[in-house]
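Breakdown of the fold
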Amino acid sequence: DFDSRWDEGLASLRQKQVMDQFAQRDELFSSDLKRLAGFGKEGQKNFEGTVTDLQMQGYLLTRDFRQRINKKGMPYGWPISVYATPETLWGYEYVTSAYSVEPFASRELIWQQVLKCFPLAKETGLKAVLG
């Protein structure tokens, strides 16, 4: 889990600042996460790169794209990313149960899930996306 990664010195301070925001919240709009984690004009730089790293490592997911809600309760503007942790979406027990799965077996499970969703996908395309 991310806390272990942090304790072992394998995560950056920027990553910690982002992940700390999910200790008390299940999900956050990207703009809110950026502000709360201390990124922006006077704060830390490279918010997008930090979030991308966390997503690639499996600690953070794009849960949805939603429009903001104005004071009258009406949606406005372009939809923006809503982030969440895998534990929020699927539960802590389910996520941690995958820790014991060997990397090759994990890869195969991912391939099978993608093929279920995209049965017409070609192997060359899957290799380009999934590795």
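Relevant structure appears above.
Notes on the structure in this doc start here.

1. Concerning the overall build of the protein chain
Helix and strand counts for the protein chain come out as 8 helices and 3 strands. Secondary structure of the protein chain in N-to-C order comes out as α-α-β-α-α-β-β-α-α-α-α. Oriented by its inertia axes, the alpha-carbon framework of the protein chain measures out at about 45 × 40 × 30 Å. Counting the 131 residues in the protein chain, one finds 23% classified as buried. Sequence separation of 24 or more characterises 46% of the internal contacts of the protein chain that already satisfy a separation of 6 or more.

2. Some remarks on the pairing of strand 3 (residues 75–84)
Here strand 1 (residues 27–29) runs beside strand 3; their pairing, made up of 3 bridges, is antiparallel. When the bridges of strand 3 are listed, Phe-29 appears paired with Val-82. As paired strands, strand 2 (residues 61–69) and strand 3 are joined by 7 bridges and run antiparallel to one another. Residue pairing for strand 3: Phe-65 is matched across the bridge by Ser-81. With antiparallel pairing between neighbouring strands as the criterion, strand 2 and strand 3 make up a hairpin whose turn holds 5 residues, including Gly-73 at a positive phi of roughly 85°.

3. Digging into the sheet that holds strand 1
The 3 strands lie next to each other as 1-3-2, forming an open sheet whose pairing is antiparallel. Across the chains shown, the open sheet's two edge strands, defined by having one partner strand only, are strand 1 and strand 2. Neighbour to neighbour, the strand axes of the sheet diverge by 35° on average, direction disregarded.

4. Section: the packing of helix 7 (residues 103–117) against helix 8 (residues 123–130)
Closest axis-to-axis distance for the helix 7/helix 8 pair is 12 Å, and the angle between their directions is 125°. The angle between the axes of helix 7 and helix 8 places the two elements in the oblique class. For the element pair helix 7 and helix 8, the recorded crossing hand is right-handed. Across the interface between the two elements, Ile-110, Trp-111, Val-114 and Leu-115 of helix 7 pack against Glu-123, Leu-126, Lys-127 and Leu-130 of helix 8.

5. What to know about unusual backbone geometry
Of all residues except glycine, most have a negative phi; of all peptide bonds, most are trans. Here the phi dihedral of Asn-46 falls at roughly 70°; this positive angle occurs in a residue that is not glycine. Secondary-structure assignment places Asn-46 in the loop between helix 3 (30–36) and helix 4 (47–56).

6. Some remarks on a negative patch on the surface
The grouping of Asp-1, Asp-3, Asp-7 and Glu-8 at the surface amounts to a negative patch. Tracing the sequence through the fold places Asp-1 in the segment before helix 1 (2–7). A relative accessible area of 31% means that Asp-1 is categorised as partly exposed.

The rules behind these values
- Residues numbered from 1 in each chain as written.
- Predicted model: local features only at pLDDT ≥ 70, side-chain atom pairs only at ≥ 80, totals over all residues.
- Heavy atoms only, no water.
- Helix = DSSP H or I, 4+ residues; strand = E, 2+ residues; numbered from the N terminus.
- Buried < 20%, exposed > 50% of the residue type's maximum accessible area, 1.4 Å probe, protein only.
- Contact = heavy atoms within 4.5 Å.
- Pairing = 2+ DSSP bridges.
- Axes fitted to C-alpha atoms, helices over the stretch in contact; angles between N-to-C directions.
- Parallel < 35°, antiparallel > 145°, perpendicular 65-115°, else oblique.
- Left-handed = near helix turned anticlockwise from the far one by under 90°.
- Patch = residues over 30% accessible without salt bridge, like charges linked within 9 Å, V, L, I, M, F, W, Y side chains within 5 Å.
- Areas by Shrake-Rupley, 256 points an atom, 1.4 Å probe, with all protein chains shown as cover.
- Salt bridge = Lys/Arg side-chain N within 4 Å of Asp/Glu carboxyl O.
- Lys, Arg positive; Asp, Glu negative; His and termini not counted.
- Charge placed at Lys NZ, Arg CZ, Asp CG, Glu CD.

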